[in-house]
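Each chain is listed here by its residues.
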Amino acid sequence: MERIDLGEVTLQVEMRGAGPVLLLVHGFPLDHQMWRHQLDELSSDFRVLAPDLRGFGQSDHTPGIVTMQTYADDLAKLLDKLEVREPVTLCGLSMGGYIAWQFVERHRARLAKLVLCDTRAIADTPQGAQGRLETAQKVLKEGPQALVDGMIPKLFAPATIQSQPDLIAATRTIMLESSPEGIAAALRGMAERPDVTARLPTYDVPALVICGAQDAIVNVTEMRSIAEQLPHGRFVEVTDAGHMAPLEKPNEVNAALREFLQG
Ligand code: MLT
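Remember, predicted model here, so these are calculated numbers, not experimental data.

Calculation criteria
Just so you know, the residues in each chain are numbered from 1, in the order the chain's sequence is written. A pLDDT threshold of at least 70 governs which residues receive local features in this predicted model, and a stricter bar of 80 or more applies before side-chain atom pairs are shown or counted, although totals over entire chains, interfaces and linings include all residues. Excluding hydrogens and water, the side-chain values take into account all heavy atoms of the structure. Each helix is a run of H or I in the DSSP string that is no shorter than four residues. Each strand is a run of E no shorter than two, and both are numbered from the N terminus. Based on C-alpha atoms, the radius of gyration is set beside the globule rule, defined as 2.2 Å times the residue count to the power 0.38. Buried, partly exposed and exposed residues are distinguished by accessible area as a fraction of the type maximum, computed with a 1.4 Å probe on protein chains only: under 20%, between the cut-offs, and over 50%, respectively. The rule for a salt bridge is simple: a side-chain nitrogen of Lys or Arg has to be within 4 Å of a carboxyl oxygen of Asp or Glu. By this definition, two strands are paired if DSSP reports at least two bridges between them. Structural elements are reduced to axes, namely lines fitted to C-alpha atoms, with helices fitted over the stretch in contact, and the angle between N-to-C directions of any two is expressed from 0 to 180 degrees. In this description, contact between two residues means that some pair of their heavy atoms is separated by no more than 4.5 Å. An expected span of 1.5 Å times one less than the residue number is assigned to each helix. Pairs were defined over the aromatic rings of Phe, Tyr and Trp, the Trp ring being its six-membered one, requiring ring centres within 6.5 Å. Orientation was assigned from the angle between planes: stacked under 30 degrees, edge-to-face over 60, tilted for the rest. Comment: the charge-over-ring label is applied if NZ (Lys) or CZ (Arg) is within 6 Å of the ring centre and within 35 degrees of the ring normal. In this text, buried Ala, Val, Leu, Ile, Met, Phe, Trp, Tyr and Cys residues form a nonpolar core when linked through side-chain atoms within 4.5 Å. A pair of cysteine sulfur atoms is labelled a disulfide when the two atoms are within 2.5 Å.

Engineer: Which parts of the structure should I look at to understand the overall build of the protein?
Structural biologist: Helix and strand content of the protein: 11 helices and eight strands. Relative to the compact-globule value of 18 Å for 263 residues, the protein shows a C-alpha radius of gyration of 17 Å, a close match. Viewed in the frame of its principal axes, the protein has a C-alpha envelope of about 45 × 40 × 40 Å. Looking at the protein as a whole, 54% of its 263 residues qualify as buried.

Engineer: I tried to follow the pattern of salt bridges on my own but got confused; where do I start?
Structural biologist: Pairing is possible between side chains that carry opposite charge, provided their charged atoms lie close to one another. On inspection of all chains with the given rule, the structure shows 16 salt bridges. Between Asp-40 and Arg-16 there is a salt bridge, with the nearest N and O atoms lying 2.8 Å from each other. Within this pair, whereas Asp-40 is found in helix α1 (residues 36–42), its partner Arg-16 is found in strand β2 (residues 10–16), the two being separated by 24 residues in sequence. Of the charged contacts, one joins Asp-124 and Arg-193 as a salt bridge, the two residues approaching to 2.7 Å between their closest N and O atoms. Linking Asp-124 in the loop between β6 (111–117) and α4 (126–142) with Arg-193 in the loop between α8 (180–191) and β7 (207–212), this pair joins segments that are 69 residues apart in sequence. Residue Arg-193 is classed as buried on the basis of its relative accessible area, which comes to 7%. Within this structure, Glu-8, Arg-54 and Asp-74 form a network of salt bridges that share partners.

Engineer: Explain the sheet that holds strand β8 (residues 233–238) here, please?
Structural biologist: The pairing of strands in a sheet happens through backbone hydrogen bonds and is either parallel or antiparallel. Pairing within the open sheet is mixed, and its eight strands lie in the order β1-β2-β4-β3-β5-β6-β7-β8. The strands lining the two open edges of the sheet, one partner per strand, are β1 (2–5) and β8. The sheet shows a mean angle of 25° between the axes of neighbouring strands, direction not considered. Note: β7 against β8, six bridges, orientation parallel. Counterpart to Gly-212 in the pairing with β8 is Val-238. Helix-sheet contacts for helix α9 (residues 220–229) involve β6, β7 and β8, and the interaxial angle to β8 is about 160°.

Engineer: In this structure, what is going on with helix α11 (residues 250–262)? I would like to understand it.
Structural biologist: Given 3.6 residues to a turn, an α-helix orients residues that are three or four positions apart in the same direction. With 13 residues, α11 should cover 18 Å at 1.5 Å per step; its first-to-last C-alpha distance of 18 Å lies within 8% of that length. Those residues of α11 that fall on the buried side of the exposure criterion are Pro-250, Val-253, Asn-254, Ala-256, Leu-257, Arg-258, Phe-260 and Leu-261.

Engineer: Quick question: what am I supposed to make of the packing of aromatic side chains here?
Structural biologist: Two aromatic rings, taken as a pair, are described by how far apart their centres are and by the angle between their planes. Per the counting criterion, the structure on display carries two aromatic pairs. Between Phe-28 and Phe-56, the ring centres sit 6.2 Å apart and the planes meet at 85°, which makes this aromatic pair edge-to-face. A residue pair is termed long-range when its members are at least 10 positions apart, and Phe-28 in the loop between β3 (21–25) and α1 and Phe-56 in the loop between β4 (47–51) and α2 (68–81) qualify at 28 residues. We classify Phe-28 as buried; its relative accessible area is 9%. Judged by centre distance (5.8 Å) and plane angle (25°), the ring pair of Trp-101 and Tyr-203 falls under stacked. Remark: Tyr-203 occurs in the loop between α8 and β7 and Trp-101 occurs in helix α3 (residues 95–107); sequence separation between them is 102 residues. Across this residue pair, the class does not change: Trp-101 and Tyr-203 are buried. When the ring centre of Phe-260 is taken as origin, the NZ or CZ atom of Lys-113, which lies over that ring, is 5.1 Å away.

Engineer: Would you explain the environment of Pro-246 in this entry?
Structural biologist: Along the chain, Pro-246 turns up in helix α10 (residues 245–248). A C-alpha to C-alpha distance of 23 Å links Pro-246 and Leu-200, two positions 46 residues apart in sequence. Leave out the neighbours within four places in its chain, and Pro-246 touches Met-34, Trp-35, His-37, Gln-38, Leu-93, Cys-117 and Val-253.

Engineer: Teacher, can you tell me more about the nonpolar core here?
Structural biologist: One broad rule of soluble globular proteins: the nonpolar side chains tend to lie buried together. Ranked by internal contacts, the top residues of the largest apolar core, which has 92 residues, are Phe-28, Met-95, Trp-101 and Leu-114. The residues contacting Phe-28, other than those within four sequence positions of it, are Phe-56, Met-95, Leu-147, Met-151, Ile-183, Ala-186, Leu-187 and Met-190.

Engineer: Could you clarify how one ought to interpret the state of the cysteines in this entry?
Structural biologist: Put plainly, two cysteines are in a disulfide when a covalent bond ties their sulfur atoms together. One pass over the full model with this rule turns up zero disulfides. Summary of cysteine pairing: Cys-117 is not part of a disulfide, and the nearest cysteine sulfur, belonging to Cys-91, is at 4.0 Å. Owing to a relative accessible area of 1%, Cys-117 belongs among the buried residues under this scheme. Free of any disulfide, Cys-211 has its nearest neighbouring cysteine sulfur in Cys-117, separated by 9.3 Å. We classify Cys-211 as buried; its relative accessible area is 0%.

Dropping the structure here:
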């Protein structure tokens, strides 16, 4: 792990391997460790970069609100700092996908390919956004515990919860160790993220859309439709996986990633 100073914040970044750059952007409220299987397996052929986003893991946090645009700009600054000049593949899961859309909007020239895992193009409903603001207040008062118990069953397929207790426990620990300020800032940022649905046909980058068949947060139909609306989108459904498909079914997800990256 290295600490990379971006000026306004310092990010902790896991970097492994050499070759074309694969930038992995984690979901909420997690950190780079959710990509452990991709770091292990894909670093044989790629330079894999997995930052902790601002407010998560060991990275600095900034209070208030962090928008999806700000996280996207942090990633572009990170590539600058690491002197990555060639276009990269950005792979984001869920909140990482919301950030990926903003990266396309703001830093298109830096992208060779795009991977969207278990994410959405639509914005929150007004009630959904309001719920996030209330959760932000609760987490600031009571800590991440206020979020964790309700969220774990939504993140994993029932079969994963049964068969991989160590994975569930490790994920719970990461969530509990997240900073309340980082969580609240991300919740506020997600609450005001733009709806990019109408923009999808303009995102002219080769794109792979991956969804766990039992994702309880995003459904397969919605993600298949995203792939269809992207000019160069293809869709992969991962059986027996939930919202955290890359952690739950690493072999399947890594095979899909490898084929897309090398194709
Ligand atoms: C995530 O996994 O990043 C979250 O479920 C995203 C969200 O809350 O919309």
